[in-house]
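Architecture at a glance
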Amino acid sequence: MEQIAQLGTGIGWRPEIADAVERMAGPAGGVDWVEVVAENVCPGHIPESLLRLRERGVTVVPHGVSLGLGGADRPDEQRLRSLAERAEALGAPLVTEHIAFVRAGGALTASPQLEAGHLLPVPRTRDALDVLCENVRIAQDALPVPLALENIAALINWPGEEMTEGQFLYDLVDRTGVRLLIDVANLHTNHVNRGEDPAKALDELPVEAIAYVHVAGGFERDGVWHDSHAHPVPQQVLDVLADLASRVTPPGVLLERDENFPEPGELERELGAIRGVLEKAEVRIPDEQAPAAHPVSEEQAPAADPLSEEQAPVAEAEPAARQRLGLAQAALLSALVAGTPVPEGFDRVRLGVQGRALAAKRADVVAKVAPELPEILGSSYRPAFVAYAQGHPMTDGYRRDALSFAEHVLLTGRPDDADVLREMRQWWLERSGPAPLSQRPTARLARATRRVLLRR
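Residues numbered from 1 in each chain as written. Predicted model: local features only at pLDDT ≥ 70, side-chain atom pairs only at ≥ 80, totals over all residues. Heavy atoms only, no water.

**Some words on unusual backbone geometry**
Applied cut-off: Numbered from the N terminus, helices here are DSSP runs of H or I no shorter than four residues, and strands are runs of E no shorter than two.
Between R414 and P415 the backbone carries a cis peptide bond, its omega angle lying at 10 degrees. Here P415 lies in the loop between α14 (397–412) and α15 (418–432). A positive phi angle, near 55 degrees, is found at A110, a position not held by glycine.

Here it is as structure tokens:
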């Protein structure tokens, strides 16, 4: 494995705080590098703020959210090309993604493809690990720079899991040589929501594979921790960071903030608190006589150093394993976004919390993609969208979701306000545009009927 780049202390670049990030960039401000959501950057139209940071020698790392490497399907070639283009355009030393699935269904399961619009946890099973390892190798071959994968926060537990998170990550690194992006806020989230001990996870995972670390805020409500990225970093998360830093000096640590942006001074104080934790940490020298934290049974013991230069080829996942995983993920996602029965073994209450969270996030993202919709509908936008989401799962991204929601409003005639409906109809007509007709007669008839109704 190539040497991991030393990044230092960074912050997630967002347009809302671009000016503040530029002022903080450099030794005096404490920001050595930035991370940007890969899907929000177009290689030919990189924001001027990022270009200025690049000119000043600030490292920019693209962080993907839509590959879904933990899903049952092989990675989409176009998505991989897009991520590679962004890495090259930004001159990034690495790219990062998530150990998660974001869509399910489709040809593999002979069911409609559904989009989660969110990162959902992968079951820690042998089937899921086999599929993930093959998908990671496909991605590694397609990317021009090393790949690091992030552990995610979750509200729900899969029934019948065969490994802990640390064991799952250890085997992933052992089999693929992939680097890790460890989110200490997610470790804390999973401690509250899933009863998983962050220290045990850190005991088991190969900390030497860490490319960098995420730190973020959240809040607890009704016994559930919400990884909001919109609140200050709590002491519990800094404590997990301190534990990690006592085991290894992370090459980089990054503060994430996606919503509810505070004044620049508050961001600087949070960055200062993170640096303070790292400066106080003293890396412990492991006791060579201590038993291995990773399982030592013949089935699960690693055959070699997880960071060895020569990685054994990853065998193709069995088609049956992909199908089993695909069916399980499709059943879960359908229960979350389409109201189908909860699969056996899942906590119904937690799935309800997760489903409402997905609908709320859809409403928030659609409001960003199509800001005219909440302007037109006013205070009725959010309850109307959440009600719509309960029976209309997302199947083709947020822009299509915005149009479909507008169609729903117009076809149902709610709210009962002629001026609002007139404005909504005009918005929809200006954006729906001509589209290739489906070859299916029923789909063509439905579209033609819908357009006639909406023009009335």
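**Here's the deal with the packing of helix α13 (residues 381–391) against α14**
Rules: Interaxial angles span 0 to 180 degrees and are taken between N-to-C directions of axes, which are lines fitted to C-alpha atoms, for helices over the stretch in contact. Convention used here: angles under 35 degrees read as roughly parallel, angles over 145 as roughly antiparallel, angles from 65 to 115 as roughly perpendicular, and any remaining angle as oblique. Contact definition: two residues touch when any of their heavy atoms are within 4.5 Å. Under the grouping applied here, Gly and all other residues not named as nonpolar or charged are polar, the nonpolar ones being Ala, Val, Leu, Ile, Met, Phe, Trp, Tyr, Cys and Pro and the charged ones Asp, Glu, Lys and Arg.
Following both chains from N to C, one finds α13 and α14 inclined at 100 degrees, their axes separated by 11 Å at the closest point. By the angle class used here, α13 and α14 are roughly perpendicular. Counting all contacts with α13, which are made through Y381, A384, F385 and Y388, the residues of α14 involved are D401, S404, F405 and H408. Of the residues that constitute the contact of α13 with α14, the class distribution is five nonpolar, two polar and one charged.

**Re the confidence of the model for the chain**
Defined as follows: Every residue carries a pLDDT, the predictor's confidence in it, which falls somewhere between 0 and 100.
Residues of the chain with pLDDT of at least 70 account for 88%, and the chain-wide mean is 89. In this model residues 288–306 is a low-confidence stretch, pLDDT under 50, and it forms 28 contacts with partners more than four residues away in sequence or in other chains. Confidence drops under pLDDT 50 across residues 435–439; counting only partners more than four residues distant or on other chains, this segment forms six contacts.

**As for the nonpolar core**
Defined as follows: Remark: nonpolar core denotes a set of buried residues (Ala, Val, Leu, Ile, Met, Phe, Trp, Tyr, Cys) joined through side-chain atoms within 4.5 Å. Exposure is judged per residue with a 1.4 Å probe applied to protein chains only, and the accessible area is read against the type maximum: over 50% gives exposed, under 20% gives buried, and values in between give partly exposed.
One finds I11, V34, L50, L147, L172, V215 and L241 to be the most contacted residues of the largest nonpolar core, which totals 75 residues. The element that contributes the greatest number of residues to this core is helix α4 (residues 126–142), accounting for seven residues. Aside from chain neighbours lying at most four places away, what touches I11 is I17, V21, M24, V31, W33, V34, E35, L254, L255, L267 and L271. Residues L403, L421, M424 and W427 belong to the second largest nonpolar core, which totals 24 residues.

**Describing the pattern of salt bridges**
We apply this condition: Here, a salt bridge means any Lys or Arg side-chain nitrogen found within 4 Å of an Asp or Glu carboxyl oxygen.
Enumeration according to the criterion identifies 27 salt bridges in this entry. Put simply, R194 and E161 hold a salt bridge, and the shortest N to O gap is 3.9 Å. Pair noted here: R194 is in helix α6 (residues 184–194) and E161 is in the loop between β7 (147–150) and α5 (165–176), with a separation of 33 residues, a long-range link. We classify R194 as buried; its relative accessible area is 10%. A salt bridge links E407 to R400; the nearest nitrogen and oxygen atoms lie 2.8 Å apart. The exposure class of R400 is partly exposed, given its relative accessible area of 28%. Sharing partners across several salt bridges, the network here consists of R124, E161, E165, R194 and E196.

**Overview of the packing of α14 against α15**
For clarity, the threshold we go by: By convention, the crossing between two helices is left-handed when the near helix turns anticlockwise from the far helix through less than a right angle, and right-handed when the turn is clockwise.
The N-to-C vectors of α14 and α15 enclose an angle of 140 degrees; their axes lie 10 Å apart at closest approach. Where α14 crosses over α15, the handedness of that crossing is left-handed. Across the interface between the two elements, A402, L403, A406, E407, V409 and L410 of α14 pack against L421, M424, R425, W427, W428, R431 and S432 of α15. For the contact of α14 with α15, the residue count by class is nine nonpolar, one polar and three charged.

**Observations concerning the packing of aromatic side chains**
Put simply, the rule reads: Aromatic contacts are taken between Phe, Tyr and Trp rings whose centres are within 6.5 Å, Trp giving its six-membered ring; a plane angle under 30 degrees counts as stacked, one over 60 as edge-to-face, and the others as tilted.
Taken as a whole, this structure holds seven aromatic pairs when the rule is applied. Connected via pairs of aromatic rings, a cluster forms that spans Y381, F385, Y388 and F405.

**Here's the deal with the pairing of strand β12 (residues 252–255)**
Counted only if it meets this: For two strands to pair, DSSP has to find at least two bridges joining them.
The side-chain alternation of β12 yields two buried faces, one formed by G252 and L254 and the other by V253 and L255. Two strands pair when backbone bridges link them, and strand β1 (residues 8–12) and β12 are joined in this way by four bridges, in the parallel orientation. Considered in β12, the bridge of T9 is made with V253. Where strand β9 (residues 210–215) lies against β12, three bridges are found, and the strand directions are parallel. When the bridges of β12 are listed, V215 appears paired with L255.

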